[in-house]
Amino acid sequence: MTDPFRISQRALGIKASGIRKFFELGLSMKNPIDLSIGQAHFDVSDEVKAAAIAAINEGRNRYTVTQGIPGMREKLKERYAARFGNIDDCEVMVTCGVSGALMLTFLALLDPGDEILIPDPYFVMYRHLATMVGAVAKTYDIYPDFKPSAAAIRDQISEKTRLIVVNSPSNPTGYAMNEAEARELAQLADDTGIPLVSDEIYEDFIYTDRHVSPREFTKNCIVMSGASKSLGMPGWRIGWLMAPRELVERMYSLQQFSFVCAPAPLQWAALKGLDQDFSEHREEYRAKRDLVYDGIKDNYRTVKPGGAFYMFPFLPEGVDSERFMEACIKRELLVVPGGACSDKSTNFRLCFAATDDKLKKAVDMLNDIAKELK
Ligand code: PLP
């Protein structure tokens, strides 16, 4: 008899996240220094919490229109128009996080067998979402400086390539692209007719002069961002995307028959949050970046992050990932082995969204480890 719960080939194609494994390991430790999971260390602000509670009490608990509450979409459109100029032929929709925006984009644009290009190292979800829709994620190499070079991408383009994913500031490297790089990517999209998917979820966590989006230089670009990181609400599942109107209207139907809508009261709360000034958090995170970067740079070759809250240092010369991870676990320090978000195992990812006290302890441990393993 066949197994009544025979797993689909689609589900079999998805491996458990290498990052989650460390999160779970952390739960079994008494007092770990956990720099493995990528979420801001601050909570939702009181003002935004009050807006969520008010929305619930006022009965905003029903489905919203699938594309999201009008106030939120209008505010986002204003924001994007101020940055990108005329966006009259574009539409904005609210999604269940950037994860939802990615899912809708892939569902709307990819057929089985199509290819997408993602950076290596990459945010793990890109590869798996591509697999889920029957497409194939191929990588373009951004080692060792983590710059998304148009030349490296061009080398990987085939006649099956349908999308180019870019992510700045980046998870896992913290690299933030500059204007010249964004212009090159925009030119590439215009030359090839292959759209960019620009994942800008870390846009507020920026330590260079400003966040640069390739959408400033081409319309051939789907922009997505969200409230998970900037407003400290990853569990609230609010994100959004902006793309040409006809494409977004297709996505309405896809969302209508899958997620239905983003959580209703939390859309109202996120709307309140869009007015919040981020500069204090930005300076706080810049200081955390400096604390860790200055603390480990003598023992680890590291590209100084221009944004986000990750660092992706190279392992010390001659040290393999397994030995390094064992040394970390022995000290109850949780970081992510580079192999969980790359085809290479030469680095590790640490998330500096933690208290300074924890970061100082982690820096001491990492320096200890480098000396011990030499
Ligand atoms: N994109 C990147 C680069 C991320 O790092 C994450 C979360 O870690 C996401 C998207 C997903 O975010 P959301 O919570 O908005 O689904």
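Quick caveat: nothing in here was measured; it's all calculated off a predicted structure.

Moving on, we get to the environment of Ala135. Relative to the elements of secondary structure, Ala135 occurs in the loop between α6 (125-132) and β4 (136-141). Along the backbone, Ala135 and Arg250 are 115 residues apart, and their C-alpha atoms lie at a distance of 19 Å. Filtering out sequence-adjacent residues up to four positions away, Ala135 remains in contact with Leu110, Asp111, Gly113, Asp114 and Ala130.

The ligand sits among 13 residues. The nearest are Val98, Ser99, Asp199, Tyr202 and Arg237. With respect to the ligand, the side chain of Lys229 contributes an N or O atom lying 2.7 Å from an oxygen atom. Between the ligand and Arg237 there is a distance of 2.6 Å, counted from an oxygen atom to a side-chain nitrogen or oxygen. Look at the ligand: alone it shows 400 Å² of surface, and the protein chains cover 92% of it.

Strand order in the open sheet made by the seven strands is β2-β8-β7-β6-β5-β3-β4, with mixed pairing throughout. Where the open sheet ends on each side, the last strands, each with one partner, are β2 (90-95) and β4. Strand-to-strand twist in this sheet, taken as the mean axis angle between neighbours without regard to direction, amounts to 25°. Note that strand β6 (residues 196-199) and strand β7 (residues 221-226) share four bridges and pair parallel. The residue bridging Val197 from the neighbouring strand is Ile222, located in β7. The strands touched by helix α5 (residues 97-109) within the sheet are β2, β3 (115-120), β5 (161-167), β6, β7 and β8 (239-244), with β7 carrying the most contacts at an inclination of about 155°.

Here the focus is the domain arrangement of the protein. Domain annotation of the protein identifies domain 1 (9-44 + 278-373) and domain 2 (46-273). With centres defined by C-alpha atoms, the gap from domain 1 to domain 2 works out at 25 Å. For the pair domain 1 and domain 2, the summed buried surface comes to about 3,100 Å²; carbon and sulfur atoms form 60% of the total. For the side of domain 1 that touches domain 2, the element with the most residues is helix α11 (residues 279-296), which contributes four residues. Residues of the side of domain 1 that touches domain 2, tallied by class, amount to 18 nonpolar, eight polar and ten charged.

Below, the discussion takes up the packing of aromatic side chains. A full pass over the atoms with the stated rule returns 20 aromatic pairs. Here the aromatic rings of Tyr143 and Phe314 are separated by 6.4 Å at their centres, their planes lie at 65°, and the arrangement is edge-to-face. Taken together, the residues Tyr143 in the loop between β4 and α7 (150-156) and Phe314 in the loop between β9 (310-311) and α12 (321-330) connect sequence positions 171 residues apart. The residues Tyr143 and Phe314 share a single accessibility class, namely buried. When the ring of Phe205 is compared with that of Tyr285, the centres are 5.2 Å apart and the planes differ by 70°; the resulting orientation is edge-to-face. Linking Phe205 in the loop between β6 and β7 with Tyr285 in helix α11, this pair joins segments that are 80 residues apart in sequence. The residues Phe205 and Tyr285 share a single accessibility class, namely buried. Over the ring of Phe314 we find Arg301, and its NZ or CZ is 4.0 Å from the ring centre.

Cut-off values and rules
Residues numbered from 1 in each chain as written. Predicted model: local features only at pLDDT ≥ 70, side-chain atom pairs only at ≥ 80, totals over all residues. Heavy atoms only, no water. Helix = DSSP H or I, 4+ residues; strand = E, 2+ residues; numbered from the N terminus. Contact = heavy atoms within 4.5 Å. Near = heavy atom within 4 Å. Polar contact = N/O pair within 3.5 Å; in protein donor to acceptor, adjacent residues only side chain to side chain. Areas by Shrake-Rupley, 256 points an atom, 1.4 Å probe, with all protein chains shown as cover. Pairing = 2+ DSSP bridges. Axes fitted to C-alpha atoms, helices over the stretch in contact; angles between N-to-C directions. Domains from an automatic or database assignment. Buried area = accessible area lost by both parts, 1.4 Å probe. Nonpolar A, V, L, I, M, F, W, Y, C, P; charged D, E, K, R; others polar. Phe/Tyr/Trp six-rings, centres within 6.5 Å; stacked < 30°, edge-to-face > 60°. Buried < 20%, exposed > 50% of the residue type's maximum accessible area, 1.4 Å probe, protein only. Lys NZ or Arg CZ within 6 Å of the ring centre and 35° of its normal.

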